[in-house]
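In case you want the letters, here they are:
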Amino acid sequence: QVQLVESGGGLVQPGGSLRLSCAASGDTLDAYGIAWFRQAPGKEPEGVSCINNKNGSTYYADFVKGRFTISRDRAKNTVYLQMSSVEPEDTAVYYCAADLNWCSGYMIGQYGMDYWGKGTLVTVSS
């Protein structure tokens, strides 16, 4: 059983940058794909990005390609989401989630993930 804790959310101006962290405990992240989902007010959760910790492959939703980067620090057992050129539409609660099938669950969507953090709020506003 892996526990996931997100951090790094907050207020950022349009065009700015923010880095989110997903710290894993209880298990090493090597066993999982680690994904970021987000849920904006009044909207369904949507997949943002995933990293396959078996081979390092990364996946991105079209709406964040070229702006967001997912990465990992194996020593810290932590996955990051570097958010750049943020837009007001990026405002959402961002959730970290683990997938026992190394991002195959991410491809399915929220119901393909096995474990979830509680989320961190990102607000993009002037």
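To be clear, the structure that these remarks concern was listed above.
(A) Just the packing of aromatic side chains, in detail. Scanning the model with the defined rule gives four aromatic pairs in all. Between tyrosine 32 and tyrosine 115, the aromatic rings sit 6.1 Å apart at their centres with planes inclined by 90 degrees, giving edge-to-face as the arrangement. Here tyrosine 32 is found in the loop between β3 (18-25) and β4 (33-39), whereas its partner tyrosine 115 is found in strand β10 (residues 115-116), with 83 residues between them in sequence. Judged on exposure class, the residue tyrosine 32 and its partner tyrosine 115 are both buried.

(B) Structural detail: the nonpolar core. In terms of nonpolar packing, the biggest core is built from 36 residues, with Ile34, Trp36, Leu81 and Tyr94 touching the most fellow members. Secondary structure elements with two or more residues in this core: β3, β4, β5 (46-52), β7 (68-73), β8 (78-83), β9 (92-99) and β11 (120-124). With five residues, the single largest contributor to this core is β9.

(C) Just the sheet that holds strand β1 (residues 3-7), in detail. If you walk across this open sheet you meet the four strands as β1-β3-β8-β7, and the pairing is antiparallel. Here the strands that pair on one side only, and so sit at the sheet edges, are β1 and β7. Within this sheet the neighbouring strands show an average axis-to-axis angle of 20 degrees, counted without direction. Pairing of β3 with β8, which is carried by six bridges, proceeds in the antiparallel orientation. If you follow leucine 20 over to β8, its bridge partner there is leucine 81.

(D) Spotlight on the pattern of salt bridges. Counting across every chain of the model gives six salt bridges. Linking aspartate 30 and arginine 74 is a salt bridge whose minimum nitrogen-to-oxygen distance equals 2.6 Å. Taken together, the residues span a long stretch of sequence, with aspartate 30 in the loop between β3 and β4 and arginine 74 in the loop between β7 and β8 at a distance of 44 residues. The partly exposed category is assigned to aspartate 30, whose relative accessible area is 29%. Taking the relative accessible area as the measure of exposure, arginine 74 reaches 54% and is therefore exposed. Of the charged contacts in the structure, one is a salt bridge between aspartate 90 and arginine 38, with a shortest N-O distance of 2.8 Å. Placement of the pair is aspartate 90 in the loop between β8 and β9 and arginine 38 in strand β4, with a sequence separation of 52 residues. The pair aspartate 90 / arginine 38 is uniform in exposure class, with both members buried.

Parameters at a glance
- Within each chain, residue numbers correspond to sequence positions counted from 1 in written order.
- Reporting in this predicted model follows two pLDDT cut-offs: at least 70 for local features of residues, and 80 or more for side-chain atom pairs to be given and counted; totals over whole chains, interfaces and linings ignore these cut-offs and use all residues.
- Calculated side-chain values reflect all of the structure's heavy atoms, with hydrogen atoms and water omitted.
- Ring pairs shown here join Phe, Tyr and Trp side chains whose ring centres sit within 6.5 Å, with only the six-membered ring taken for Trp; geometry is labelled stacked below 30 degrees between planes, edge-to-face above 60, and tilted in between.
- Only DSSP runs of H or I reaching four residues or more are called helices, and only runs of E reaching two or more are called strands; each is numbered from the N terminus.
- Residue exposure (1.4 Å probe, protein chains only): buried if accessible area is under 20% of the type maximum, exposed if over 50%, otherwise partly exposed.
- As used in this record, nonpolar core signifies buried Ala, Val, Leu, Ile, Met, Phe, Trp, Tyr and Cys residues forming a set joined through side-chain atoms within 4.5 Å.
- Two strands are said to pair when DSSP picks up at least two bridges between them.
- Between the N-to-C directions of two axes lies an angle of 0 to 180 degrees, each axis being a line fitted to C-alpha atoms and, for a helix, fitted only over the stretch in contact.
- What counts as a salt bridge is simple: a side-chain nitrogen of Lys or Arg found within 4 Å of a carboxyl oxygen of Asp or Glu.

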